[in-house]
Every structure is written in structure tokens, then in C-alpha cells.
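Structure assessment
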Amino acid sequence: MKSLILQTAARYLLPLLALYSVLLFLQGHHDPGGGFVGGLIAAASLMLCALAYGVPVARDVLPIQPRNLIGIGLLSAAAAGSVGTLQGKPFLTSAWVKLQLPGFGELELGTPLLFDAGVFLAVLGVTVSILMTLAEEEEEE
Amino acid sequence: MDLLVAVLAPLAVAPLMPLVRRFAGRHVGDVAAAIPLAIAVYFARYVGTLGDGQSVAFRRAWVPEIGLSLSLRLDGLSLLFVLLISGIGALVCVYAGGYLAGNRRLGSFFGSLLAFMTAMLGIVLAENLLTLYVFWEFTTLTSFLLISFEHERQAARAAAMQALLTTAAGGLCLLAGVILLGLIGGSFEITELIERGDAVRAHRLYPAAVILILLGAFTKSAQFPFHYWLPNAMAAPTPVSAYLHSATMVKAGVYLLARLSPLLGGTDLWTVTVTGVGAVTMVVGTVLAFTSYDMKGILAYLTINVLGTLTMLIGLGTELAAEAAMIYLLAHALYKGALFLVTGAVDHAAHSRDLRELSGLRHRMPLTALIAALAALSMAGVVPFFGFLAKESYLHAVVEAPRMWPLLTFAAVVASVLVVAGAGLVAVAPFFGTLSEKADRAHEAGFRLWFVPALLAVAGLAAGLLPQTLAAPLVEPAVAAIVGEPVPLELKLWHGVTLPLVLSVIALAAGVALYVSHERVRSVFDGTRVLGGWGPAAWYDKGVTLLDVVAHWQTGFLQSGFLRTYVTVILAMTAGLAGLMITHFGLTFVERETIGVRWHEGIAAGLIVAAAFVAVRSTSRMRAVVALTIVGFGVSWIFVLFGGPDLAMTQIVVETLTTLLFVFAFYRLPKFSILSDRATRFRDAVLASSVGIVMTLLILLATGVDQYEPTSEYYVRSSVTEAHGRNIVNVILVDFRALDTLGEITVLSAAAVGVFVMVRLVAPKGGRS
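Everything numeric here is computed off the predicted structure, so don't read it as measured data.

1. Points about the interface of chain A and chain B
At the junction of the two partners, chain A supplies 46 residues and chain B supplies 35 residues. Summed over both sides, the interface between chain A and chain B buries roughly 3,800 Å², with carbon and sulfur atoms accounting for 73% of that surface. It is A:His29, A:His30 and A:Leu134 that lose the most area in chain A upon contact with chain B, and together they represent 15% of the buried surface on that side. The interface formed by chain A and chain B includes zero salt bridges.

Written out as C-alpha cells, the structure reads:
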């Protein structure tokens, strides 16, 4: 099922969707978005690629095994939670630092960002590995 | 703090052992031995300072809410055990480095062994009973890994599982007993409980607590009728058997009894049960030893005998008995450790441990034969070995027992006779006589394999020759800790002609006589094998089989494997229970100011309903899926209308991906057809509608509840101030309720792994793989 229209559209949409997923993830703390939906959109962009060009191409787009993404995501989320433990507070208590970036202003960084990144990666990994596993099997038959 | 470091040091180093193995090569065992050796040296400085019942304590809160504190205490009893654990641990590490040389999993072996060491040190240093329980279970887990080290062998796996199930079941009893004790005494700290001892013993729940704790101790220390797991655990590599199943882990139960006897002891229940079980175990162990031809098996049964003796002595509760127990404990650690390691050397050199295949080994392994003889003489209780002192002191304690002394003395003498003959079985039978075929091919094992047992055997001789100098400083503080007051101890070989000495000599003579004719007597003992058919081991097997059967039936009953059944059950339960609650509390709606339905809201609702009908009535799978997607999009439209952009966005993406999932799954589905009859469809329709109605009612009811401030108000207030974010939905997900999210992504990950495994790793039908 190779469609020229879909392939052309996918070529432009894939980077846009990928960028959009990162944007959603980053703005999530103040505006609609977040790691969960960001991860889903990133997964959707990859699956669009898989539909248009086939799963092997989509696999090449992702530089890493989706299964490994799951592990990295879970570990990041757990690591973000452990920061609180190391400070002697309950697990998952958030910690924040304020950075002064010259010419850019003030930047607040906190463990929830790392946690959300973990969610992003885990959701992306889970969705893509489930869908690709099913899609690949079907292509093999 | 120092205590905590000492306890955790082996565990901290454990993960590095595979790495150490890579760099240290065949010296990995010697490197690993450095840790326990350092611990032994560190604690050695306390020898001679704890004689009057002093102790060193460390305490830190762990989970204060449940009274769990990380409190450790070093007193005389702990010190004796710590030195045994670390000292013999160091020796076993060196020995194992030689015994398992070349094994490709040597690194992880030492990792498990060191982790086990932490667990053992934790048990004997724990001051808080819950802390003790944590370390207790940690020994169970690490010993599982060690017993099943050669996990390619089915016997090793079964033995490890048996030991795990038996001791973990006992461990759960112990936990229940400890919690009861904590509730009765109002504390989990052992010293605090001992101060309130009278109140604890008078409490009506005291018997329950005692029985539960005893179950824990008895399973761990292989007391009758839980002794069956110990001989099977000999499937472990010999260094493990020597360390866990002779010197340390099986003594944990004995340690616990000794530790708690000032608190729980002295009552009829305690004395009769502990003494009785100990005495029975003492005799059963020796009798069963004669049913085995495996050198390690015999040693295991003889260890059961010793554990029984120690238990009996602690049950007696007299000062003499406490003394005897500690002396015997030390003596046994020395001679039994040596004998196990000698057996390992024989196994290594002759590739057999079977007495029927081994004889005359002394021609090929003279050094090993000498070591075995030294250790066995101590075991038989021959002057001037330390074992003689041990035997005399426990016979003394039994003779002067406050009650049942004739019976106990008889049992002790019978057991002693059999132990002497057993010593002959492991130290004389394989080494003397004509050279057998297997023995002929043997050779003296490597340096580590004779040097380590030799150290232990010679220590047994030295301690016998200079008991007051070498053994008393260790034993005296331990006895003081059990009895609760300083006990001056005078250890010497010659006490004059006393009843214990006479009994000891009788036991020795009878034992030698029994050994000489053991081949003829064996048939009598073999008769006990028949009893084994009704024995506890058979009960264990039946129990496990029963568990399997029940699990199989229950899984079949609850898990039909049909998604439709699961969905039906879940929906019916939800609708039923929620509906019941609604009828129970009645329908009371709070009148609310309604704004009426705007026209575009009406369109969204109409679209959802219409699409749902199409999905149900459709005769094409594709059409049904698209209709379901429309339902989803309609729902997300409603989210948009009511100010939930985050929800709407997520819903749309999820709908898209779900549709994709359906499309990919289509290829694996058979052609669409309607298989259900009218009645089934009618039932499904009723179920679906009632779920819908119940949920609608529930929502209407829920909006009418306004007794409490909605939690959302709190989130709105503190989102920016506490969590530095304005998007409340996301702040809840990643900060306020981050633990939920962590749980959810973990579940998702498990689902992904499940899908992968089901699709990729299952052999397709027809056998193609």
C-alpha cells in the first residue's frame, strides 16, 4: 500500500510533527501539552512514516530501538524521583534550580522536567514498539 | 555507624565481583575474602570488652511510622556470631576460589555469597525485630541463589525451591509473630521488649506470638518436622553447604532462640516446645544419617543433629545449658566446616562422594585424610579436641536439666553414640580399607582445598588444648548476653570423674562399636526409609502438588482467555455494584442552575450517539472502527467545549493511534461474520445500556455532592506556588500525583513487553518456529 500522496505528505509532516511533539512537551508545564501527549504525537508521526514507507524505514528514522526507549524513559522518571530521596525528602518530591542565562534571562529547571521527559520517552517507546511489532508481523506474512 | 558500614560492606562490594573476576582471574576468591577478613579483624578488637554484658549500639530511623528503625547492637552473642560469619566467610571465599576455579559464573557466585554475608551479619546485629526480619528474608533469597547456583541441574532447582518455600513460609510466620510481639510489648526494639518481659509473658497473645516465632526459627534451623529441606540443599556447591548449611544460615534460628530466650523463655510453653523439638531433631538427625551413602548427605543429617542439640539446650534455659550451647556452637563450626570442605576436596579429586565407591583414599590423599581425621576426632568428642569439651558440657547441662533429665540424657547419649559412628562414616570409611577404583584415580587437591579445612581442623585442636585462652573470651560474653548477667567461665579438659565424663566415654565406646558393625546395622536404619513415605518431605511434595492443582483450577475458572468474558464480567460487576449503591443511598439530585444545551453541544452529543449505533449495527469491520473513531472525536469535541484542551488533544491522538492499531490488527483477524445468537446480543444490549444508565446516574449524583471542597481547588491554588507550573493537568501528572504516573508508565511498559512477547516469541500454529 504505497501511496505517492501519502509519501509526499509524510515527508513534510514527519519533521513538523516531531518538532510539534517536542514543543508540546516543553510548553506543557504552563500551556496545554506535556510529556504524555508529546510522546503520543511523536509516536503518531513515526507511524505515519511506517504507513507511507513501511516499517523498516520508520525503524531507521528512529536511531534507537523503541524497546530501549521504554527503559530509558522509566529510568529517567525514577531518577527524577530519586533526587528528592537523596535530599532526604519523600520519593518524587520535586527540586528546582534557577539559572541565569546571559542574554536569555532566567531559566527554571526542575526534576518534573526530567520526569516528564521520562514519560515522553516511555510513551513513545511503548506506543511505537506495540504498533511496530504488530505491523512488522503483518508485513512478514 | 561503624556497625552499619560493617554490615553493608559485603553487599556494596557484591555487584563488583564479576568485574573483580575479570581483573583478578583465579585470585577472585582471595580478593573476595578480604572483605569478611577485614570485618573479622575489625570486630576482633571487641573480644574481651563485652564480657560484662556491655554492648555497642547504633540507631537510625528507617520507617518510623511502623516502628521500623535501623538499629543495630553488638553484644557478646552477636560478637560470637559475627566472628563466625566473617571468619569462616573469609575461609570459604578462599576455598571456593579453588573449588569453583574456571567456572564462568564465579563472579556472580561471589556476588551472591557476599550479599548473603550482609544478610547474616544483619540478622545477628539487628536490635529491631523488623530489621531482623528484613535481613532474615534476605538470607532466604540469597541462599536460593546460592543453592541453585548450578541451575542447569533440575535437582538443584528443586532443592532451592524447596528451601525457599519452607524457610519463606516460616519467615512469614516469624513476621506475624514479631508483629504480635511488637503489639504486645509496644516496641520492636529487643532490649526494650526484654525490659517489659514479664508483661509480655503474661499477655494473652503471648502463646500465639511464641508459636509463630518458633515456626520461623524451626524452619530456618531445619528442626523436625521441617528438617527435610537441609539434606536436599546439599545440591549447592560444597563451599556453600559448608558456609550456609553448617556454619551460618541454619544457625540463624538457633541465634534467634538464644536472642529471644530472655524475653520469651522460662514459660512452660517455651521450655517444653523448644526442648522437646530440639531433642527429637537431635535423635532424628543422627538416625537419618545412616540412611545416606552420600558424604555430604551424612554431614547434613549430622548438622540437623547439632541444630537439634543447640535448640534443646536453649530450651532448657539454665546457665549451664547456655554455656554448653555456645561452646558446642563454636566447636561445631570448626569441625563441621572442616569436614564439609574435606568432602568438597574428595568430590573434586575423586569425582564422587558416594561411600560405596570410595575407600582407601588415604593412599592418594594423605593430607586430606589427616585433616578429616582431626576434624572427626573433634566431632566424636575425643580428648584433647575442643569437641570433647563441647560434648562434656552439653551432657553436663542435660544431666542437670531441671526436668525430664532422664529422658533427655538418654536421648543425648543415643545421639552421641550415633554421632561417633557418623564421624567414622565420613572420616574413616572413605579413607581407609582397600583402594577403590574411583579413589585410585584421585590425587591431592590444590592448595586452597586442603589448607582451608586444615586451618579449621587445627583450630579445633588448639581450642581444645588451650580452651581458657582461645575459646573462653568468645564464649563467655555470649553466655552473658543470653543469661543477662556476667558468667565467669572456666574451660578445662579435665573435671575429674563425673557423670558426663562417664557418659561421654560410654558414647565413644558404643559409637566405635557401632561403626565397626555399621554395614550390618544399616539395614535397620534403612527401615526408616519406609517411614519417609509418610514423612514431612512427602507432605511437602503433596502440598506443592495441591497448590499446583488449585492454582490450575482457579486460573482456568477465572481466566477463560476470552476477552468478551472478561469485559462482560467487569461491566456486570461495575454496573451491579454501583447500581446497588445508588439504590442503597437513593437518588437525590441537587437542583442546579442549568445553562441549557447550546446547539453545537447538541450536535456533538447527537453525533456520538449516532456513531455508536453505526458501530454496533455495522456489518463491516472497517465501518465499525471508523464509527468508533467518530465517537472518540465527538468526546474530544466535548472536552474542547468544556475547557479541557489537554484532554481533548490527548483523546484525539489516542483515537488516531487506536484506529491505526485496529488497522494493523485487521490482517490477523478472520473474515467478519456474526456468530452470536439473538439471545446473546439481547443480553449484551441490556448489559451495555445498564452500564450507560448507571454511569449517567452516578455522574449526576456526583455533581450533586458538595460537602467537601473539591481537590481541584487545592491544585489551582498551589500549582504555581508549589510546583512552578500554570498547566494544572500537567503539574498533577508530573508533580502532585507523579507516583501514579510512574505506576502508569510502568504498566504501559509491561503491556508493550507483553505484546512483543506474544507476537514475536510464541511459535506460530503448525510448529513453524
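2. Brief notes about the pattern of salt bridges
Residues and elements named next belong to chain B. In the structure shown here, the tally under the stated rule is 15 salt bridges over all chains. Notably, a salt bridge pairs Arg59 with Glu192, separated by 3.8 Å at the nearest N-O pair. One end of the pair, Arg59, is in strand S1 (residues 56-63); the other, Glu192, is in helix H8 (residues 190-195), and 133 residues separate them in sequence. Between Arg737 and Asp740 there is a salt bridge, and its shortest N-O distance comes to 2.8 Å. Here Arg737 falls in the partly exposed class, since its relative accessible area comes to 39%. Taken together, the shared-partner salt bridges in this structure form one network comprising Arg59, Glu189, Glu192 and Arg196.

3. With respect to the domain arrangement of chain B
Looking at the assigned domains, one finds that chain B contains domain 1 (289-516) and domain 2 (569-727). Relative placement of domain 1 of chain B and domain 2 of chain B: their C-alpha centres are 75 Å apart.

4. Digging into unusual backbone geometry
Residue B:Pro225 follows B:Phe224 across a cis peptide bond; omega there is 5 degrees. Relative to the elements of secondary structure, B:Pro225 occurs in the loop between helix H10 (206-220) and helix H11 (229-232). A cis amide bond links B:Val383 to the next residue, B:Pro384, at an omega of 0 degrees. By the secondary structure assignment, B:Pro384 is in the loop between helix H17 (366-380) and helix H18 (386-399). Unusually for a residue other than glycine, A:Leu92 sits at a positive phi of about 75 degrees. As for its position among the elements, A:Leu92 is in the loop between helix H4 (66-86) and strand S1 (96-101). Overall, A:Leu92 belongs to the buried group, its relative accessible area being 12%. Even without being a glycine, B:His351 presents a positive backbone phi close to 55 degrees. With respect to the helices and strands, B:His351 occurs in the loop between helix H16 (319-350) and H17.

5. Digging into the packing of H10(B) against helix H13 (residues 251-264) of chain B
Residue and element names in this part refer to chain B. Interaxial distance between H10 and H13 falls to 7 Å at its minimum, and their mutual angle equals 160 degrees. In this view, H10 runs roughly antiparallel relative to H13, as classed from their interaxial angle. Here the hand of the crossing between H10 and H13 comes out left-handed. For the pair H10 and H13, contact is made by Tyr206, Val210, Ile213, Leu214, Ala217, Phe218 and Lys220 and by Ala252, Gly253, Leu256, Leu257, Leu260 and Leu264, respectively. Classifying every residue of the contact of H10 with H13 by side-chain character gives eleven nonpolar, one polar and one charged.

About the cut-offs
- Residues numbered from 1 in each chain as written.
- Chains lettered and ligands numbered in written order.
- Predicted model: local features only at pLDDT ≥ 70, side-chain atom pairs only at ≥ 80, totals over all residues.
- Heavy atoms only, no water.
- Contact = heavy atoms within 4.5 Å.
- Buried area = accessible area lost by both parts, 1.4 Å probe.
- Salt bridge = Lys/Arg side-chain N within 4 Å of Asp/Glu carboxyl O.
- Helix = DSSP H or I, 4+ residues; strand = E, 2+ residues; numbered from the N terminus.
- Buried < 20%, exposed > 50% of the residue type's maximum accessible area, 1.4 Å probe, protein only.
- Domains from an automatic or database assignment.
- Axes fitted to C-alpha atoms, helices over the stretch in contact; angles between N-to-C directions.
- Parallel < 35°, antiparallel > 145°, perpendicular 65-115°, else oblique.
- Left-handed = near helix turned anticlockwise from the far one by under 90°.
- Nonpolar A, V, L, I, M, F, W, Y, C, P; charged D, E, K, R; others polar.

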